[in-house]
Amino acid sequence: MSGHRVEAFRTVSAEPDVAFDGLMNVRLTDLFNRRYAALPAVTDVTDQPDDWGTVGQTRTILLADGGRLRETLTDVERPHGFAYLLDGIEGPLRHFVHTIDGAWTITPHDGGARIGWAWTFYPKASPARLTTSVIGRMWNGYADRALIQLEAILARD
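Residues numbered from 1 in each chain as written. Predicted model: local features only at pLDDT ≥ 70, side-chain atom pairs only at ≥ 80, totals over all residues. Heavy atoms only, no water.

### Some thoughts on the overall build of the protein chain
Thinking step 1. For the protein chain, the helix and strand inventory stands at four helices and seven strands.
Thinking step 2. Its helices and strands taken in sequence order, the protein chain reads β-α-α-β-β-β-β-β-β-α-α from the N to the C terminus.
Thinking step 3. Considering only intrachain contacts with a sequence separation of at least 6, the fraction spanning at least 24 residues in the protein chain is 52%.
Thinking step 4. Averaging the coordinates of the 16 positive side-chain charges in the protein chain and doing the same for the 20 negative ones gives two points 9 Å apart. (Helix = DSSP H or I, 4+ residues; strand = E, 2+ residues; numbered from the N terminus. Contact = heavy atoms within 4.5 Å. Lys, Arg positive; Asp, Glu negative; His and termini not counted. Charge placed at Lys NZ, Arg CZ, Asp CG, Glu CD.)

Okay, here's the thing in structure tokens:
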């Protein structure tokens, strides 16, 4: 089954290694603290190892709409980025999406870093495929807000 890819970018004034460390260590409840359209805020993260950042580690993300996701790190390349799989999707999104491949990228740019965030989500069934563009548009707003929030967090640290 083919996926639907969405991505967003933002340039920040932090060096790439600082941006990577900040992103890897950010509390998801700080980064995704507000909903955007039907995409909920993150209310908690459970089961996260203290040394988060190794391929194969998992954590559970709890959402404001009562949903939850399991995140598994699938690739980590400091300071260039990391990738993850979201599965075990519970809540309203489970009706439309089977799994999500996510990736954060960090590249040097104008004395700072260009941070990219991408999702490739895999719809469950043919009616759900019709919703991929709607979910994609909502995700773009969610991503823009998260990247602005990340820039503010990196500026504080």
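Read on for the rest.
### Some thoughts on empty space enclosed by the protein
Gaps left between atoms show up when a probe the size of a water molecule is rolled over them.
Thinking step 1. If you walk through the whole model with that rule in mind, you get one cavity of 30 Å³ or more.
Thinking step 2. Roughly 50 Å³ of internal volume is contained in the largest cavity.
Thinking step 3. L31, F32, N33, R34, Y142, R145, A146 and Q149 together form the lining of the largest cavity.
Thinking step 4. Per-class residue counts for the lining of the largest cavity are four nonpolar, two polar and two charged. (1 Å grid on protein atoms, 1.4 Å probe; cavity = no way out; pocket = protein on both sides within 12 Å on 5 of 7 lines; lining within 4 Å. Points joined across faces, edges and corners; volume = space filled by probe spheres on them. Nonpolar A, V, L, I, M, F, W, Y, C, P; charged D, E, K, R; others polar.)

### What to know about unusual backbone geometry
What is expected of a backbone is that most residues other than glycine have negative phi and most peptide bonds are trans.
Thinking step 1. Omega for the peptide link from R78 to P79 comes to 0°, which places this bond in the cis form.
Thinking step 2. Relative to the helices and strands, P79 is located in the loop between β4 (68-77) and β5 (81-90).
Thinking step 3. For D110, which is not glycine, the phi torsion reads 50° and is therefore positive.
Thinking step 4. Here D110 shows up in the loop between β6 (97-109) and β7 (112-123).

### Here's the deal with the packing of aromatic side chains
Thinking step 1. As enumerated under the stated definition, the model contains eight aromatic pairs in all.
Thinking step 2. Their ring planes at 5° and their centres at 4.8 Å tell us that W104 and W117 sit as a pair that is stacked. Of this pair, W104 sits in strand β6 while W117 sits in strand β7, and the two are 13 residues apart along the sequence.
Thinking step 3. With a relative accessible area of 5%, W104 lands in the buried category.
Thinking step 4. Classification of W117 as buried rests on a relative accessible area of 2%.
Thinking step 5. Here the aromatic residues F32, W104, W117, W119, W139 and Y142 are joined through ring pairs into a cluster of three or more.
Thinking step 6. One residue, R114, lies across the ring of F9, its end atom 3.8 Å from the ring centre. (Phe/Tyr/Trp six-rings, centres within 6.5 Å; stacked < 30°, edge-to-face > 60°. Buried < 20%, exposed > 50% of the residue type's maximum accessible area, 1.4 Å probe, protein only. Lys NZ or Arg CZ within 6 Å of the ring centre and 35° of its normal.)

### Let's talk about the side chain of E71
Thinking step 1. Within the element layout of this structure, E71 appears in strand β4.
Thinking step 2. On the basis of relative accessible area, E71 is assigned to the buried category, the value being 3%.
Thinking step 3. Beyond its immediate chain neighbours, meaning those up to four positions away, E71 contacts L28, W52, Q57, T58, R59, I61, Y84, L85 and L86.

### Some thoughts on the side chain of D87
Thinking step 1. You can see D87 is positioned in strand β5.
Thinking step 2. Classification of D87 as buried rests on a relative accessible area of 16%.
Thinking step 3. Apart from residues lying up to four places away in sequence, D87 is in contact with L69, R70 and T99.

Scope: geometric values only; no functional claims are made or implied.
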